[in-house]
Amino acid sequence: MTVVMTQPSIAVGGSVPANTSHAISVSLPTWADNVAYEEGDPRVVDKMETGYPRFFVHRNIQKLAAICLGRFGRPDELAMLFPSPRVAAEARDFLAAQTPSEPSRIVEFVICPSISSLPASSEAIVGAVDVVELQILLFPAASWKTAKAFWQHTGDGISSRRAERALAFLGETPAGVEPCGRPQAAVKSLSSRNRHYARRAPASSSPAPASPIVPETPTTPATPGPDSKLDAEDNLTPDLTTYLEERYGRNLPLFNAPLAKQAVRRRIAGGLLPSDADFGKRDIERAAGPGRKAVTEEDVWLYPTGMSAIWHAHHLARITRLAKGDKEGLSVCFGFPYIDTLKILQKWGAGCRFFGKGDAAELDELEAYLESRDAAAPPVLSLFCEFPTNPLLRSPDLHRLRALADRHGFVIVVDETIGNFINVEVAGLADIVVSSLTKVFSGDSNVMGGSLILNPNGAHYADLKTALVADYEDNYFAEDAVYLERNSRDYRTRIRLINDNTAAVTEWLHARSLADASTPAAGKAIKQVYYPRYSTPENFAACQRTPTLGAGGFGGLFSLTFTSMAASAAFFDALACAKGPSLGTSFTLACPYTIIAHYYELDWAAQYGVEAGLVRISIGQENYETVLQMMRRATEAAEAVAGAEAETQA
């Protein structure tokens with residue numbers, strides 16, 4: 001069995017995983033650190049080496065944007081980088097659609113290897129990525145907030161690896177690293193602050209220069225331990241890292257990036273490849289059944305991020321409706337979603353009707369709303385939901401939603417990121433299935449990716465497929481695809497172990513919660529465990545694969561609420577695991593979700609059951625006893641605080 005070490009203690013602002021140049025999470029190890037980050041406290045924001053890529057513009061991208069701005073910009077402008085003319089045009093149009101309209105312009109910059117380029121370490125690199133095309137959106141500095149919103153909501157900005165390759169072609173090293181390993185001079189941040197989740201933010205100082213970050217040699221599935229750190233003088237150039245991974249590691253050569261993408265699509269369709277850990281076992285059939293077609297790789301489409309897949313699913317529904325000569329109509333968001341999904345539905349198209357609880361009562365309300373709509377109004381375009389939801393792990397009644405969609409003609413889009421297709425089968429009930437491949441499909445927390453699947457049996461399949469074939473462009477960078485292909489070879493094995501760990505841990509936590517009436521309430525600090533086993537279990541079971549892979553088959557994500565904010569903070573601070581945004585990692589990762597996602601709208605989130613003190617935990621592959629010990633110590637810390645509060649009130 002593969003042994004996965006817990007993440008070492010990572011200082012605030014450090015990359016998670018540690019010493020990983022393309023890490024997708026950042027360490028915010030205490031409750032106070034998370035609050036300070038949201039409030040723009042220099043104690044935290046000045047130490048940020050990195051952050052989740054859609055919220056924190058990676059240092060490589062910042063450095064490349066600064067170079068582009070110096071060549072093509074004006075003193076009063078800022079720059080944002082996109083991979084294609086179409087994406088840049090969407091960004092330009094988004095700025096222009098504001099009130100008042102915000103101007104911008106686009107410059108194309110094609111970067112080829114030259115005499116000034118960093119020396120390549122293998123001929124394969126030039127053959128695979130022989131040119132980097134950038135679309136530079138230039139806009140007044142005052143429009144940064146709007147441009148950043150487009151970057152965050154759509155997930156269609158360039159990746160850190162694309163920026164790294166462009167820098168190499170320009171003869172520049174990655175941000176924070178020189179060939180000799182010395183830190184570079186500071187690269188000025190592109191904004192006063194890389195905002196994370198919240199709607200509004202107070203003014204704050206610019207982040208300080210990043211500490212040198214070591215370009216990673218990816219690990220699958222093990223994560224770095226305390227002895228894995230490299231000294232500054234051991235820094236590897238991107239080309240040398242690529243060479244070592246191709247020659248001695250398990251990465252496909254970069255010129256095989258199209259094959260890497262094909263392999264990923266086949267896995268998402270349910271197939272196994274000879275390189276996969278579980279090769280030889282039965283493939284998973286998605287959306288199949290008597291008289292029904294199974295999903296194939298031809299029904300799977302890749303995107304740079306999970307949010308990009310969601311944005312393009314909404315865009316696809318819109319252009320498909322318009323192609324038929326009909327008005328597009330508004331969309332429905334059913335259940336409390338990841339915040340950017342709601343933003344996409346609100347900011348693009350005809351608007352959104354939000355049913356934030358997503359329970360049976362709101363399903364009745366949705367049905368009444370659909371039945372009572374003015375016949376002259378455009379029909380509802382689409383319904384978006386998560387299965388299960390983030391962070392409350394509630395599952396909507398997909399069978400009843402499917403019946404409503406068939407009756408009223410709208411498209412159902414299901415985000416299966418948290419459920420994942422190994423544990424649940426939702427493709428047969430959706431028209432479009434989207435997922436963030438960044439999460440458990442990758443597991444290594446060092447590459448972004450997203451997927452979109454069309455249900456080949458859906459009533460809208462032919463129209464959606466025609467529109468998608470005409471509209472799709474592949475903006476998934478070659479090097480990102482190679483890393484994702486490598487990381488995902490053992491995804492089934494990882495999911496089985498994560499299912500086992502999480503089922504056992506949540507059972508222990510549930511017994512220590514007030515929601516478990518079979519054990520005494522005295523001394524308890526945990527109010528409730530949100531996990532598909534305990535949250536709308538009947539709806540989850542209706543879509544659960546059987547037999548399950550591992551214990552329960554409920555996935556690796558759950559949330560906890562506590563009797564007080566002080567108890568929440570005590571639990572979080574005592575939790576001995578990596579702490580930062582994201583989920584689905586091979587190592588256990590936790591965050592105070594409502595604080596980092598809704599800090600400036602806590603009352604709004606609370607009305608949908610998302611409490612300010614909620615702690616979200618994604619369980620990894622560590623030894624079960626190790627994970628249980630983490631939870632036991634953190635729970636005891638919370639119970640000590642709750643006990644002290646009870647004595648004070650007595």
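Provided above is the structure to which this section pertains.
Along every chain, residues carry numbers that run from 1 in the direction the sequence is written. In keeping with the predicted nature of the model, local features appear solely for residues at pLDDT of at least 70, side-chain atom pairs appear and are counted solely at 80 or more, and the whole-chain, interface and lining totals rest on all residues. Just so you know, side-chain values use all the structure's heavy atoms and leave hydrogens and water out.

Draft legend 1. Spotlight on the nonpolar core. Residues enter a nonpolar core if they are buried and are Ala, Val, Leu, Ile, Met, Phe, Trp, Tyr or Cys, with the set joined through side-chain atoms within 4.5 Å. Classification of residues uses two cut-offs on accessible area relative to the type maximum, computed with a 1.4 Å probe and protein chains only: under 20% is buried, over 50% is exposed, and between them is partly exposed. Leu64, Phe82, Ile111, Ile432, Leu452 and Leu454 are the most contacted members of the largest nonpolar core, which totals 86 residues. Any two residues having at least one pair of non-hydrogen atoms within 4.5 Å are treated as being in contact. If we ignore the near neighbours within four places in the chain, the residues touching Ile111 are Leu64, Val131, Val132, Leu134, Ala166, Phe169 and Leu170. Core analysis: the second largest hydrophobic core is formed by 82 residues, Ala405, Val447, Tyr599 and Val627 among them.

Draft legend 2. Representation of the packing of aromatic side chains in the model. Note on aromatic contacts: the rings of Phe and Tyr and the six-membered ring of Trp form a pair at centre separations within 6.5 Å, being stacked when their planes are under 30 degrees apart, edge-to-face when over 60 apart, and tilted otherwise. One pass over the full model with this rule turns up 27 aromatic pairs. Considering the side-chain rings of Phe82 and Phe150, the 5.6 Å spacing of their centres and the 80 degrees angle between planes classify their relative orientation as edge-to-face. Within this pair, whereas Phe82 is found in strand 3 (residues 77-82), its partner Phe150 is found in helix 6 (residues 144-154), the two being separated by 68 residues in sequence. Judged by relative accessible area, which is 2%, Phe150 ranks as buried. Relative to Tyr608, the ring of Trp604 lies with its centre 5.6 Å away and its plane at 70 degrees, an arrangement referred to as edge-to-face. With respect to class, Trp604 is no different from Tyr608; both count as buried. Feature note: the residues Phe82, Phe94, Phe150, Trp151, Trp311 and Trp348 constitute an aromatic cluster, connected by ring pairs. We count a stretch as a helix when DSSP gives it H or I for four or more residues in a row; a strand needs E for two or more, and each element gets its number in order from the N terminus.

Draft legend 3. Main features of unusual backbone geometry. Omega for the bond connecting Thr99 with Pro100 falls within 30 degrees of zero, at -5 degrees, which places this linkage in the cis form. Within the secondary structure layout, Pro100 lies in the loop between helix 4 (85-96) and strand 4 (105-111). For the peptide bond that leads from Thr546 to Pro547, omega is -5 degrees, which places it in the cis range. Counting through the fold element by element, Pro547 comes out in the loop between helix 17 (537-541) and strand 14 (557-562). Although it is not a glycine, Asn19 adopts a positive phi angle of roughly 55 degrees. Considering the arrangement of structural elements, one finds Asn19 in the loop between strand 1 (15-16) and strand 2 (25-26).

Draft legend 4. Summary view of helix 13 (residues 398-408). If you check which residues of helix 13 are buried, you get Leu398, Leu401, Arg402, Leu404 and Ala405. Along helix 13, the residues classed as buried sweep out an arc of 165 degrees about the axis, all on the same side. For helix 13, the secondary structure elements touched by its buried residues are strand 7 (331-334), helix 12 (360-372), strand 9 (382-386) and strand 10 (411-415). Just downstream of helix 13 lies Gly409, where phi reads positive at about 80 degrees. Here the arc refers to the set of directions running from the helix axis out to each C-beta atom.

Draft legend 5. Quick look at the sheet that holds strand 15 (residues 578-579). Overall, mixed pairing links the five strands, which are arranged 13-14-17-16-15 in an open sheet. What marks the edges here is a single partner per strand, and that holds for strand 13 (526-530) and strand 15. Any two strands with at least two DSSP bridges between them are considered paired. Direction of pairing for strand 16 (residues 589-591) relative to strand 17 (residues 615-618): antiparallel, over a ladder of three bridges. Looking at the pairing, Leu589 lines up with Ser618 of strand 17. Fitted lines through C-alpha atoms give the axes, limited to the stretch in contact for helices. The angle between two N-to-C directions lies from 0 to 180 degrees. Sheet contacts for helix 16 (residues 491-511): strand 13 and strand 14; angle to strand 14, the most-contacted strand, approximately 15 degrees.

Draft legend 6. Up close: the side chain of Arg318. Note that Arg318 resides in helix 10 (residues 306-323). In this structure the side chain of Arg318 is engaged in a polar contact, spanning 2.9 Å, whose partner is the side chain of Glu328. With residues near it in sequence (within four places) discarded, Arg318 still touches Glu328, Trp348, Gly349 and Leu381. For the purposes of these results, a polar contact is taken to be a pair of N or O atoms within 3.5 Å, where, inside protein, one atom must be able to donate a hydrogen and its partner to accept one; residues adjacent in sequence count only when each atom of the pair is a side-chain atom.

Draft legend 7. Quick look at the state of the cysteines. When the sulfur atoms of two cysteines come within 2.5 Å, that pair is taken as a disulfide. For the structure on display, the rule yields zero disulfides. The thiol sulfur of Cys577 is not disulfide-bonded, and the nearest other cysteine sulfur, from Cys591, lies at 10.0 Å.

Draft legend 8. Fine view of the pattern of salt bridges. Any carboxyl oxygen of Asp or Glu within 4 Å of a side-chain nitrogen of Lys or Arg constitutes a salt bridge here. Applying the stated criterion to the full structure yields 29 salt bridges. Its salt-bridge partner being Asp463, residue Lys324 comes within 3.8 Å of it at the nearest N-O pair. Here Lys324 is found in the loop between helix 10 and strand 7, whereas its partner Asp463 is found in helix 14 (residues 461-471), with 139 residues between them in sequence. Among the charged side chains, a salt-bridge network with shared partners connects Asp364, Glu367, Glu371, Arg400 and Arg407.

Draft legend 9. Molecular detail of the sheet that holds strand 4. Spatially, three strands are ordered 3-5-4 in an open sheet, and the strand pairing comes out antiparallel. Across the chains shown, the open sheet's two edge strands, defined by having one partner strand only, are strand 3 and strand 4. Sheet twist, expressed as the average angle between the axes of neighbouring strands with direction ignored, equals 30 degrees. By the bridge criterion, six bridges tie strand 3 to strand 5 (residues 132-140) in an arrangement that is antiparallel. The partner of Leu78 across the bridge, within strand 5, is Phe139. Lying on the sheet, helix 6 is in contact with strand 3 and strand 5; it crosses strand 3 at an angle near 10 degrees.

Draft legend 10. Spatial organisation of the pairing of strand 12 (residues 450-454). The buried fraction of strand 12 is high, at five of five residues. Here strand 12 shows two buried faces, one formed by Gly450, Leu452 and Leu454 and the other by Ser451 and Ile453. Across four bridges, the pairing between strand 6 (residues 300-303) and strand 12 is antiparallel. Across the sheet, Val300 pairs through a bridge with Ile453, a residue of strand 12.

Draft legend 11. Summary view of the packing of helix 18 (residues 565-574) against helix 21 (residues 624-649). Interaxial distance between helix 18 and helix 21 falls to 8 Å at its minimum, and their mutual angle equals 155 degrees. Taken together, helix 18 and helix 21 sit at an angle that is classed as roughly antiparallel. The hand of the helix 18/helix 21 crossing is right-handed. From helix 18, Ala566, Ala567, Ala570, Phe571 and Ala574 reach across to helix 21, where they touch Met631, Arg633, Ala634, Thr635, Ala637, Ala638, Val641 and Glu645. Amino acids outside the nonpolar list (Ala, Val, Leu, Ile, Met, Phe, Trp, Tyr, Cys, Pro) and the charged list (Asp, Glu, Lys, Arg) are all regarded as polar, and Gly is one of them. Here the contact of helix 18 with helix 21 is built from residues that sort into 10 nonpolar, one polar and two charged. Should an angle fall under 35 degrees it is called roughly parallel, over 145 degrees roughly antiparallel, and 65 to 115 degrees roughly perpendicular, with every other angle called oblique. Crossing handedness follows the turn of the near helix against the far one: under a right angle anticlockwise gives a left-handed crossing, and clockwise gives a right-handed one.

Draft legend 12. Inspection of helix 3 (residues 59-72) at higher detail. The first and last C-alpha atoms of helix 3 sit 20 Å apart over 14 residues, in line with the 20 Å expected at 1.5 Å per residue. Within helix 3, the full set of buried residues consists of Arg59, Asn60, Ile61, Gln62, Lys63, Leu64, Ala65, Cys68 and Leu69. Where the residues of helix 3 are buried, they touch strand 3, strand 4, strand 5, helix 6 and helix 7 (160-169). Given the number of residues in a helix, its expected span is that number minus one, multiplied by 1.5 Å.

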